[in-house]
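Residue-level listing of the chains:
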Amino acid sequence: MFDFQALKISGKVFNLNSSVSKPPVIVRLLLLFIQLTAIVSRENISNSLPLMMNMNAANPNHIKKACKNFTFQHALATKNQFASVCNRMSLCSNRRIPAPTTRLSPLVAFTTFASKSVRGRFSAVSFRCGPLQEPQPQQQPVVVVESPLLRFPGFISQNHVNAHRLFSTFTQTESNNNEDDKLLKKTPYIDENVADPSSYAIPTFQKGDDMLIDLPKGTRIVCFGDVHGDILALYKFLQASKLLHPKSTITHPIWNGGNAILVQCGDILDRGAEELFCLRYLTSLARQAPEQGGKVILLHGNHEALNANGLFQYADPRGNEEIEVVFGKTLDKIKSDGSERWRIQYAGNVPSRWAAFEPNGWLAKPLYSNMSVAAVVGKTVFVHAGLTKDHLMKYGGIEKMNQDARDWFLAEYPEELQNDDGFKFQTVQEVIDNANLRARTASKTMPECLGGGIGAASPVWMRDYSSPSDSPPRSPKAQEMIDECLGEIGNGVERMVMGHTPQDQINAALKGKAWRIDVGASRGVMNGTPEVLEIIHQGGENGEDIISILTVEGDRIPASERQIVEIPF
């Protein structure tokens, strides 16, 4: 494990190797827990790893006295020690842990700590890798990777992003490829001229769009997983899918897929700096595809549901800035005659983001009301995290789930939550209470098929089929569950495709019935290698589907090479 030499708590430095200044037992237990739950990602580091990390309590009411602010200084780990932590982490996390090499670094971790005396959630806010140096007096660690704390209305004090700070090129972390970096630096990702909702519109949902069963033989179905605000990952997904015209660019997509059907399995939002850019790219293709007989299906993920409820704990600050710059001035003009008074009702919780993604918000009618929770295309059912027979029975089937989600996004808030003029509020507490009411109203009215949280069993949160990554599912009932679900759907559906849980590569488990396609491609997740799943409907000699994995390099990998088989002991 890591050898943490010093621990700084609320300004007081404890020497962990000293019997005089050791921190309280509860803090040492927390430190042990953090060591066992470090999350790792690829990046360039040396054989020894110095670490600096800040920890903050997301819920100040639970633990502000015991451990409000942590700074772990001089954390030195060898590659072997790092490998030990990786191995331990693979036992308690749904996230794929890459093998230790000379290209490793810590990534932002989200953990939960519980004991008899302390119960609360912690969010690792920042890490730094670099040459080991002696700490300077009263000098704080440099933050280079940042994730906001869990923000609930009433616990927030963040103001909206300054709209005058305009970016003309990418400021997101550079990739590991020089050609990619050159492409990104030439690409404007914040554009003030695309605030109109029509820039994010997709074709209006029609009855039967979520049950496309009678497809022409040979129809090409292409799908990929979580994008998480990374336009470069999205562009590579689409390049691998061979759906783009040769004249397409990273800023102007041109559909060249004919009658192909593209399914994106949710989680376009959060973790990246180019969320609106990604939305515009995909929705542009969705508007173009029908002209050639094609179709683009966009699914809701858990991060779309979180954002609709005003929960932005996974948002990248640069993503907030993109949304503010693109939508802020337009919302100011439309909602309160050019003033910013409409922002008051959001209590400082990234107003432009909340107003854009909430039910009946800026993008609700053109985009989110036309997306689906799940869809059947040919012999495959697509969903963000998974489906069970219980879901189908409880929520009334796929069509009813999708209709409930559409109705929720189109529903108007009650009159007490329509406060764009901002004059209703007399005190700060009234603002906080109203924002809390806004969040509670969205949460209470949200259909259960979009609800849940970490560890929940809903279609956008479950991991019964996809965890652990690149391995047979841990749940002993997973095979039975997926068999029952596919049987309940009927119509010849043979398999389920899902994202949500990052894998090292696209793979199939549960006798080929569970295809896991989230490869953590976003630079905000694992910077994984983009791959797409291709299904040729009834393309085989006997009418069977032909399934392949397509890579950016142009390789076509047969499904038989990506089967995860459980070996009994």
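Here the structure is a predicted model, which means the values were calculated and not measured. (Residues numbered from 1 in each chain as written. Predicted model: local features only at pLDDT ≥ 70, side-chain atom pairs only at ≥ 80, totals over all residues. Heavy atoms only, no water.)

**Some words on the confidence of the model for the chain**
Looking at the chain as a whole, its pLDDT mean stands at 75, while 66% of the residues score no less than 70. Under a pLDDT of 50 for its full length, residues 1–12 has, in the predicted model, 59 contacts with residues more than four places off or in other chains. pLDDT under 50 marks residues 16–22. Its contacts with residues more than four places away, or in other chains, come to 14 contacts. (pLDDT = per-residue confidence, 0-100. Contact = heavy atoms within 4.5 Å.)

**Focus on the environment of Asp-390**
As for its position among the elements, Asp-390 is in helix α10 (residues 389–395). Note on Asp-390: relative accessible area 60%, which makes it exposed. Taking the C-alpha atoms as reference points, Asp-390 and Ser-458, separated by 68 residues in sequence, lie 10.0 Å from one another. (Helix = DSSP H or I, 4+ residues; strand = E, 2+ residues; numbered from the N terminus. Buried < 20%, exposed > 50% of the residue type's maximum accessible area, 1.4 Å probe, protein only.)

**Things to note about the pattern of salt bridges**
All told, the structure shown has 19 salt bridges when counted by the stated rule. Put simply, Glu-494 and Lys-379 hold a salt bridge, and the shortest N to O gap is 3.9 Å. Of this pair, Glu-494 sits in the loop between α13 (478–489) and β15 (495–498) while Lys-379 sits in the loop between β13 (374–377) and β14 (380–383), placing them 115 residues apart in sequence. In this structure Glu-494 comes out as partly exposed when scored by relative accessible area, which is 38%. Owing to a relative accessible area of 15%, Lys-379 belongs among the buried residues under this scheme. Here Glu-534 ties to Arg-556 by a salt bridge, and the two come within 2.1 Å at their closest N and O atoms. Of the two residues, Glu-534 sits in strand β18 (residues 531–536) while Arg-556 sits in strand β20 (residues 556–558), which places them 22 residues apart along the sequence. With a relative accessible area of 47%, Arg-556 lands in the partly exposed category. What emerges from the salt-bridge pattern is a single network uniting Lys-379, Glu-494, Arg-495 and Asp-545. (Salt bridge = Lys/Arg side-chain N within 4 Å of Asp/Glu carboxyl O.)

**Quick notes on the side chain of Glu-358**
If you trace the backbone, Glu-358 turns up in the loop between α9 (351–357) and β13. Overall, the relative accessible area of 4% leaves Glu-358 in the buried class. Of note is the side chain of Glu-358, whose polar atom sits 2.7 Å from the side chain of Tyr-346. If we skip the residues at most four places from it in the chain, Glu-358 touches Ala-308, Tyr-346, Ala-364, Tyr-413 and Arg-438. (Polar contact = N/O pair within 3.5 Å; in protein donor to acceptor, adjacent residues only side chain to side chain.)

**So, the sheet that holds strand β10 (residues 220–224)**
The strands making up a sheet associate through backbone hydrogen bonding, with each pair oriented either parallel or antiparallel. Ordered in space as β12-β11-β10-β18-β19-β20, the six strands form an open sheet in which the pairing is mixed. Bordering the open sheet on either side are β12 (295–298) and β20, each of which pairs with just one other strand. Pairs of neighbouring strands in the sheet enclose a mean axial angle of 25°, with direction left out of account. Across three bridges, the pairing between strand β19 (residues 546–551) and β20 is antiparallel. Following the sheet pairing, Ile-549 is matched in β20 by Ile-557. Sheet strands in contact with helix α5 (residues 231–241) are β10, β11 (261–264), β18 and β19, and its direction is about 155° off that of β10. Contacts from helix α6 (residues 275–288) reach β10, β11 and β12 within the one sheet, and its direction differs from that of β12 by about 140°. (Pairing = 2+ DSSP bridges. Axes fitted to C-alpha atoms, helices over the stretch in contact; angles between N-to-C directions.)

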